[in-house]
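Residue strings, one per chain:
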Amino acid sequence: MTTNAETRYAIDPATTKGLDTQGLRDHFHVGGLFAEGEIKLVYSHYDRLILGSAVPVSGPLVLDHVPETGTATILERREMGILNIGEAGTVEVGGESHTIGKGEVLYVGMGSGAVTFNAPGRYYVLSAPAHRACATKLVTFEMARHVELGAQETSNERTIHQFVHPEVVESCQLVMGYTQFKPGSIWNTMPCHLHDRRMEAYLYFDIPEGQRVFHFMGKPEETRHMVIANEEAIISPPWSIHAGAGTSAYTFCWAMAGDNVDFTDMDMVAMEDLR
């Protein structure tokens, strides 16, 4: 079993302005996440969020000691959210086994110990520092909070599925879920917003073969973009907008860590202020 961890350091808006396309991708784009038989992690210095994946094939994969956290086990002072984007599989943690169907989320509380991933799941992993233990809980699709937004006329008819959310499951600071687009809709989070009190990470998935998503970031007055393929992620700093448009409908998992768990804590940006 192999666990690979990479560290991404935080940079400021002025430094970001000087980056070319590859520089932007080196700092904010995460590719090659889902590797068979491996656990892959990216340790971000934005609110110390860890994002990664586990793809067990021939045997279980165990996530336990991660040197980057400086603790005996990754969950010693952290909480975790696990989204399965593949076939139903089981995850063992804290002496219990949980069957996670496709599109379901397992929230794992601080101090739960090692996490064992079993085939045939395809697991997206998110972990944020925690200061208290909340109960581990499997959130099925039916248990999640579903919010319908947008319209076909503005190409953003979508459903926001909230899984780790105060109205669904208690967490310390992690908030996560995913947004699915109706056929013909492509725009997410537009008009866009900022929330300087929290960072965010996106995983784009269910992108059809040969299609792409254009992810927009940067200060509102100077936006930049990166082109994203299926099952690739973006680390979004608190000072940046985060929006996207695809060449077809797609799904993206959003996760936030920071000062609060208020999903609606957003500083909206007027369309006329975007550059």
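The notes below deal with the structure included here. (Residues numbered from 1 in each chain as written. Predicted model: local features only at pLDDT ≥ 70, side-chain atom pairs only at ≥ 80, totals over all residues. Heavy atoms only, no water.)

## What to know about the overall build of the chain
For the chain, the helix and strand inventory stands at 2 helices and 24 strands. Relative to the compact-globule value of 19 Å for 275 residues, the chain shows a C-alpha radius of gyration of 18 Å, a close match. Its C-alpha atoms give the chain principal-axis dimensions of about 55 × 40 × 35 Å. Burial status across the chain gives 54% buried among its 275 residues. Contacts in the chain between residues far apart in sequence, at least 24 positions, make up 71% of those at least 6 positions apart. For the chain, the exposed surface amounts to about 11,300 Å²; the carbon and sulfur share of it is 49%. Of the charged side chains in the chain, 20 are positive and 35 negative; the average position of the first set lies 3 Å away from that of the second. (Helix = DSSP H or I, 4+ residues; strand = E, 2+ residues; numbered from the N terminus. Rg over C-alpha atoms; globule rule 2.2 N^0.38 Å. Buried < 20%, exposed > 50% of the residue type's maximum accessible area, 1.4 Å probe, protein only. Contact = heavy atoms within 4.5 Å. Areas by Shrake-Rupley, 256 points an atom, 1.4 Å probe, with all protein chains shown as cover. Lys, Arg positive; Asp, Glu negative; His and termini not counted. Charge placed at Lys NZ, Arg CZ, Asp CG, Glu CD.)

## Concerning the packing of aromatic side chains
Between two aromatic rings, the relevant description is the distance of the centres plus the angle of the planes. Summed over the entire model, instances satisfying the criterion amount to 12 aromatic pairs. The interplanar angle of 20° and the centroid separation of 5.2 Å between the aromatic rings of Phe-163 and Tyr-178 together place this pair among those described as stacked. Taken together, the positions of Phe-163 in strand β14 (residues 158-164) and Tyr-178 in strand β15 (residues 175-181) put the pair 15 residues apart, joining distant regions of the chain. Each member of the pair, Phe-163 as well as Tyr-178, carries the same accessibility label: buried. Pairing Phe-181 with Tyr-250 gives two aromatic rings, centres 4.6 Å apart and planes at 35°, and the pair type is tilted. Highlighted residues: Phe-181 in strand β15 and Tyr-250 in the loop between β22 (243-246) and β23 (251-258), separated in sequence by 69 residues. Phe-181 gets classed as buried once you look at its relative accessible area, which sits at 8%. Taken together, the ring pairs connect Phe-181, Tyr-202, Tyr-204, Tyr-250 and Phe-252 into an aromatic cluster. (Phe/Tyr/Trp six-rings, centres within 6.5 Å; stacked < 30°, edge-to-face > 60°.)

## Overview of unusual backbone geometry
With the exception of glycine, the majority of residues adopt a negative phi angle, and the majority of peptide bonds are in the trans configuration. Ala-119 connects to Pro-120 through a cis peptide bond whose omega is 10°. Counting through the fold element by element, Pro-120 comes out in the loop between β10 (115-117) and β11 (123-129). In the segment running from Met-190 into Pro-191, the intervening peptide bond is cis, with an omega of 5°. Along the polypeptide, Pro-191 turns up in the loop between β16 (187-188) and β17 (193-194). In the Ramachandran plot, Asp-47 falls in the positive-phi region, its phi being about 55° despite a non-glycine side chain. If you trace the backbone, Asp-47 turns up in the loop between β3 (38-44) and β4 (50-54). At Glu-231, a position not held by glycine, the phi torsion is positive, near 60°. Inspection of the secondary structure assignment puts Glu-231 in the loop between β20 (222-228) and β21 (232-236). When its relative accessible area of 17% is taken as the criterion, Glu-231 is described as buried.

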